[in-house]
Amino acid sequence: MCLISYKINQISASRTPCVLLMAACFFLLLVSLTSMSMASISNKEPVMSLTPRTIPLGGLALLDVVLPSGTWLQGISFLGREIPFFPREKHKGFEAILGAGLSVTPGRHALIIRWGGPEGLNVSTISVDVKYRKFPEERLVVARKMVEFPPRILKKVREDQHAVQKVCNMVTPRRYWKSSFVWPVNSRILSPFGLRRIFNGQPRSPHSGVDLRAPEGTPVRSANSGRVALVRNCYLSGWTMVVDHGCGLYTLYAHLSEVRIKQGTMVKRGEILGLSGKTGRATGAHLHWGISLLGTRLDPELFMKLLGCKGTP
Ligand SMILES: [Zn+2]
């Protein structure tokens, strides 16, 4: 700009009004060219949309990214984690699932998208609102032996938790699931996600899944296609199966009376994994069903609202 005004000043000082007019036209042309190129730069930003726009604690959102042509998506990060992304099923662009576990501080968090173009690497950021949510509380008085374990049992409980968490922390770099998810049993929710149980005045970890009504022997179906990543008899959750749907997404099925699929087997959506029961620490037969995304437990009800088939369990 400085250079242009210097030249105009020089011309106007030494030539006729005709030359002055030409210089003015030249200046206007330059200004309009500059503003055109600015507009084209701003049009070359990725188009991002989030559904829903805010994420309640324990909830999730679907991110849609459409990049300018000739550019590529390098990475997405949210809450300090790299988020796996995958091509959209029917349209061009990419999708990713964002989750906000119960330990996330409510408020605004940056979602960062790194994308590459001919000029190099670019970074685009949007702000995602994580909303506080109050969970129900349940106070129970039970026999001491039900909540206080001897060291041998405590060791087994910790080993079980570690084994399940280790599997859920792994990120298979491909997507096994197709279209929408199905409820593993067709019934109703007995106990919601996030329920805070207080046994004999001592708070326990919030409920990590939903308890679904399932009389003993009810067929339990895989919520979507995937690989049976774990089959384990756990002290608390009894016979437990974990299905890997890829991209860090897992579904967990607990208290089963019978397991019908071996660890490592690929399963299809709706395929029977086993039968419901009351193995482990359960007062009656039901199915405890959990969702884990990048090692974080999320609310299966909100998950199914976003990614499930229409209807209730
Ligand atoms: Zn449960």
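One can find the structure itself at the top, above this paragraph.
To keep things clear, this report deals only with the structure shown in the data block. (Residues numbered from 1 in each chain as written. Predicted model: local features only at pLDDT ≥ 70, side-chain atom pairs only at ≥ 80, totals over all residues.)

### Structural notes on the overall build of the protein chain
The test is simple: By definition, any uninterrupted DSSP run of H or I lasting at least four residues is a helix, any uninterrupted run of E lasting at least two residues is a strand, and each is numbered from the N terminus. Any residue whose C-beta has 12 or fewer other C-beta atoms within 10 Å is treated as exposed, any with 20 or more as buried, and any in between as partly exposed, C-beta atoms being built from the backbone. Contact between two residues is assigned when their C-beta atoms, built from the backbone, lie within 7 Å.
In terms of regular secondary structure, the protein chain is built from 5 helices and 23 strands. Across the 313 residues of the protein chain, 29% fall into the buried class. Of the contacts formed within the protein chain by residues at least 6 apart in sequence, a portion of 67% connects residues at least 24 apart.

### Thoughts on helix α5 (residues 300-307)
Three or more residues of α5 are buried, namely P300, L302, F303 and M304. Against the buried residues of α5 lie β3 (60-66), β14 (210-213), β22 (286-293) and β23 (296-298).

### Some remarks on the sheet that holds strand β10 (residues 137-140)
Under the convention used in this document: Pairs of strands are assigned from DSSP output, requiring at least two bridges between the strands.
One open sheet accounts for 3 strands, arranged β10-β12-β13; its pairing is mixed. Looking at the sheet topology across the chains shown, the edges are occupied by β10 and β13 (202-203). Note: β10 against strand β12 (residues 196-199), 4 bridges, orientation parallel. Across the sheet, R139 pairs through a bridge with I198, a residue of β12.

### Brief notes about the nonpolar core
Short version of the rule: Think of a nonpolar core as buried Ala, Val, Leu, Ile, Met, Phe, Trp, Tyr and Cys residues chained together by C-beta atoms that fall within 7 Å. Each domain's limits were defined by an automated method or a database of domain assignments.
Formed by 53 residues in total, the largest nonpolar core has its most connected members in L60, L98, M241 and Y253. Among the elements that make up this core, the one with the highest residue count is strand β18 (residues 249-256) (6 residues). Each of domain 2 (47-131) and domain 3 (137-307) accounts for three or more of the residues forming this core. Those residues in contact with Y253, other than ones at most four positions away along the chain, are P184, V220, T240, M241, L273, L287 and W289.

### Details of the sheet that holds β3
The strand order across the open sheet formed by 4 strands is β1-β3-β7-β6, and the pairing between neighbours is antiparallel. Each edge of the sheet is formed by a strand with only one pairing partner; in this case those strands are β1 (47-51) and β6 (86-87). Sheet analysis places β6 next to strand β7 (residues 94-99), joined by 2 bridges and oriented antiparallel. When the bridges of β7 are listed, P87 appears paired with F94.

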